[in-house]
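Chain by chain, the residues run as shown.
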Amino acid sequence: MATDLQAKYTKLAQEYSKLRAQNQVLKKAVVDEQANSSSFKEQLKQREQSLRKVEQEMDSLSFRNQQLAKRVELLQEELANSEARGKKSKQKTGDSPSQHALQHPSVFDEDLQKKIEENERLHIQFFEADEQHRHREAQLREQLEVLERDAAQHQAVVDGLTQKYMETIEKLQNDKAKLEVKSQTLEREAKECRLRTEECQQQLRKFQTELSSQLEHTTNIIKEKVPFNDTRHAHYNTLNVPPHNRRHQLKAQDVAGQALGFVQDLVAALLNFHTYTEQRVHIYPRDSAIEPISPLNQKFSQYLHENAGYVRPLEDGLQQLFESITEETITTLETTVKLKDFSDHFTSYTRFLQKILPYQLKSLEEECESPLCTSSLTSKNKELQDDMRKMTSVFEKLQNYISLLSLPSTKPEALPPSSFSAVFTQLAACLHGLQDAMKDVSKHYSQKATLEQDLPTVTQKLRTTNECILSSLGSLTNSTGKIATFFSNNLDFFTASAGYGPRGGLGLLNPLQAECMLQNKRRAAAYILRLRKPRPESVPYLEALSNRRVLTSSTESREGLTQQVQQNQEKIARLEQEKEHWLLEAQLSRIKLEKETQRIADLERQLSMALAGQPPSAAQSSPAAPRPGQEGAESVECDPKEPVPTTSLVGMLTTTQISEEAGDEQSREQLIKSHYMSRVADLTAQLQVADSKAVHFHAECRALAKRLALAEKSRETMTEEVKMANQNISRLQDELTTTKRSYEDQLSMMSDHLCSMNETLSKQREEIDTLKLGSKANSKKNKSR
C-alpha cells in the first residue's frame, strides 16, 4: 500500500511539475501578447493622429476651395454686371466711361489670374503633401515590419542565449562539484599511492636482494652443472620446444574466416563477370542466333566458358586453408602448408587471365571495326583495353607476392623472416591497385553501355547483358575494396612477430618440427587427462569388516527403525514442551523472588519506622510504590480478590490481583496472560503506527489531489485568458483592418473629390478664358467703333 501511495505521489508530483512548466509558458505567452497588443494600440494611435492631420489639411483645402469658388462666382457676377454696363454705355457718348469700363475688367482679370495661380499652387502642394504622406506611411510600415521581425529574431536569440547560458552555468556548477569530489578522491588516492610506492620500494629492495642472491646461485649452478647453452646455436635451438601464443592463434583463425568470406564474394563476382562477358560475345557485334560469329570470338567464348575451372579452386583452396587453422594448430608462414595450394590455384587463374587477354583485346578491336561503332565508342573501347591490361598486370603482381608468402612452408631458407613485413606491405598496396583498376573498368564500361543504348540497332538482350556485366563489375569493385581495407586494417597483425617460433628468435622454424611438437602436445594432453580421472571412493578394509559385522548381527528391520525414528521425534517434542514449561517455571520463580524481596523491603521499612516511633497505621497506610518490573504483577495490595480494571489499546480488561497466598497455577496463568497481553499491546501499537502512516499518506494524497485540482483550474483559467487574449488580438486586428479600409476609402473619396474639383476648376478656367476672349473681342470692337 505504501509503495502504491508513493508511486501515486510521484506521478502527481510529476504532473504538477509539468502543469507548472506549462503555466509559466502560458504566462509568458500572455505577457508577449499583451506587449504586442500595446504596441498595436500605439501604432493605431499614431495612424489616427496622422489621419486627423490629413483630415484637417483636407478641411482647410476644401474651405479654401469654397472661398475660391465664391470668389469666382463674385467675379463672374461682376463680369456680367460689367458687360451689362458696357452694353448700356455703348449708347452713351464720351471716352471716359469706356476707358473706365476697359480698365475695370483688367483689374478683375489680374486678380482672378492671381487666385487661379494660387489655387494651382495650393493643389500642387496638397498633391505633393499627399504623396509624401503616402510615401512616408509606406516607409514607416516597412520599417515597422522590419523592426518587428528584428525584435522577434532578437528576442528568440536572447531567449536561446539565456537558456544556453543557464544550461552552461548549471553544467559548470555540476562540473565544479564533480571536480571538487574528484580532486578530493584524487588527493586520497595520491596519499594511498604514496604509501603504496613506499611499500613497493621496500618490496623492490627486498626482491632485488633476493633476485641478486638467486642470480648468483643460478649462475653458479649453470657454470657447474650445464655443459653448454643450446639456445645460442640455431641448429640446436630448433630441437627445443618453441613457445606458443594462443591469443595469436585465435586472431589468425578469425582473420582467415573473414578473408574466406571476402574471397567468396570475389569468386562469385568473377564468375558472373566472365559468364556475362561470354554471353555478350555471342550477342555483339554479331548475334549468334542470326549469323555466325567470328572465329576469334568463338575461341574467346570457348576460353571464357572454362572460367569456373579456374575461379572455383580459389574458394576451395582458401576454404582448406581456413579449415587447417584451428585452436590446436600453430599458424605461421612456415606451418601453413595449405597456402601453397591456394597460391597454385591463384597462379592458374592468373595464367587464365593472361590467356584470354589477347582475345579480349582483339574482340574489342572487332567491335571498333563494326560500321555502327562511333568515335566515342572507339575511344571507350581503347580505354577498356588499357584497363584490361592493367587488371591482368595487377593480378600477376598479386600472384607473385602470394607465391612469395607460400615459400616459407616449402623452402624456409628461400624467404628470410625479415622480408615478411615488406612482402605484406607490397601485397596491401597491390590490393589497393586492384581496387582502382576495377573502378576504372566499371566506370568506362558504364560509359560504353550508355553510348551503346543510343545506337539504333541495339537489342533488349544486349541491354540486359550490359546491365548484368555492370552489376558484376560493381560487386567486383565492392569486394576488392573490402579486401583491400581488410588487409590494410590487419597489416599490423600480418607484419607482427608470430606467436610461435624458436626460443630467442634464433634459427628458422621447420614445419616437420612444428608437426612433431603438435603430436607431442596432443599426447601430453591425453596423458594429463588420463591422470586427472577421479578415483572411485573406497572404504578402508577394517571399517568395511566392522560394518559387515554390524549389518549381519543386527536384527532390526526397517519398520523397527522407522518406529525408533517416530519415538525419537515424539521424545523431542515432549522435551521441547518440558523446556517451555521449565522456562515458564523459571520466570515464575524469578517473579516470586522479586515479590519476596519487595515484601522483605517493606517489612524492613515498617520495622525502621516502628523503631523511629511512628504508629504502624501510618506505615501500613503508606504502601511502597511498586517497582518498574512489577507493574503487571503487583499494582494494588488493598483487596486481593477485587478485580482491578486496566485500560489498554485493545480495550478495557479486568485482571485479578495475585495475592501472596495464590498458588503456582494462578501465578502461571497470570504470567501467561500478561505475556499474551504484552504481545497484543505490541501488535496493536504496530497496527496503530501502520494506521497512522496510512492516514498520513491518505492526507498527503488528498492534499496533492486538491493541489492538482487547483492546478487544473488555474490551467483552465489561464487557457481561457489566453483564448480571450487571442480573441482580443484578433478583434484588434480586425478593427485595425477595418480602420485601415475606412481610411483608405475616405482617402479614395477625397482623391475623387479633388479630381472632381480640379475638373470644375478647369471648366471654370475655360469659361474664364472664353469670357476673357469675349471681353477682349468686345473691347476691340468698341475701339474700332
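Residues numbered from 1 in each chain as written. Predicted model: local features only at pLDDT ≥ 70, side-chain atom pairs only at ≥ 80, totals over all residues. Heavy atoms only, no water.

J.: Just checking my understanding: could you explain the overall build of the protein for this structure?
T.: When its secondary structure is counted, the protein shows 16 helices and two strands. Buried positions account for 25% of the 785 residues belonging to the protein. Counting only contacts in the protein whose residues sit at least 6 apart along the sequence, the fraction spanning at least 24 positions is 84%. Accessible surface for the protein amounts to roughly 54700 Å². Of this, 55% is attributable to carbon and sulfur atoms. (Helix = DSSP H or I, 4+ residues; strand = E, 2+ residues; numbered from the N terminus. Buried < 20%, exposed > 50% of the residue type's maximum accessible area, 1.4 Å probe, protein only. Contact = heavy atoms within 4.5 Å. Areas by Shrake-Rupley, 256 points an atom, 1.4 Å probe, with all protein chains shown as cover.)

J.: Which parts of the structure should I look at to understand the side chain of asparagine 490?
T.: Inspection of the secondary structure assignment puts asparagine 490 in the loop between helix 10 (460–489) and helix 11 (491–495). Judged by its relative accessible area of 10%, asparagine 490 is buried. At 3.0 Å, the side chain of asparagine 490 forms a polar contact with the backbone oxygen of phenylalanine 486. When near neighbours in sequence (up to four residues on either side) are disregarded, asparagine 490 contacts Lys251, Val255 and Gln258. (Polar contact = N/O pair within 3.5 Å; in protein donor to acceptor, adjacent residues only side chain to side chain.)

J.: Explain the nonpolar core here, please?
T.: The nonpolar side chains of a soluble globular protein tend to be buried with one another. One finds Tyr349, Phe424, Leu473, Leu476 and Phe487 to be the most contacted residues of the largest nonpolar core, which totals 62 residues. Listing elements by their share of this core, those giving two or more residues are helix 4 (246–281), helix 5 (295–305), helix 6 (308–324), helix 7 (338–369), helix 8 (375–410), helix 9 (420–453), helix 10 and helix 11. The leading source of residues in this core is helix 4, at 13 residues. Setting aside residues up to four positions removed in sequence, phenylalanine 424 forms contacts with Leu333, Leu405, Phe487, Leu491, Phe494 and Thr495. The next biggest cluster of nonpolar side chains, apart from the first, holds seven residues, and it includes Ile283, Cys373, Leu455 and Val458. (Core = buried A, V, L, I, M, F, W, Y, C linked by side-chain atoms within 4.5 Å.)

J.: How do you make sense of the side chain of asparagine 307 when you look at a structure like this?
T.: Tracing the backbone shows asparagine 307 in the loop between helix 5 and helix 6. Within polar-contact distance, the side chain of asparagine 307 engages the backbone oxygen of leucine 304 at 2.4 Å.

J.: What am I meant to see in the pattern of salt bridges here?
T.: Pairing between side chains becomes possible if they bear opposite charge and their charged atoms approach one another. Per the stated rule, a full pass over the model turns up 16 salt bridges. A salt bridge links arginine 599 to glutamate 596, with the shortest nitrogen-to-oxygen separation between them at 2.7 Å. With arginine 599 and glutamate 596 both in helix 14 (residues 558–612), this residue pair falls three residues apart, about one helical turn. For arginine 599, a relative accessible area of 32% corresponds to the partly exposed category. For glutamate 596, a relative accessible area of 37% gives the class partly exposed. The residue arginine 605 makes a salt bridge to aspartate 602 at a minimum N-O spacing of 2.9 Å. One end of the pair, arginine 605, and the other, aspartate 602, are both in helix 14, three residues apart, so they sit about a helical turn from each other. (Salt bridge = Lys/Arg side-chain N within 4 Å of Asp/Glu carboxyl O.)

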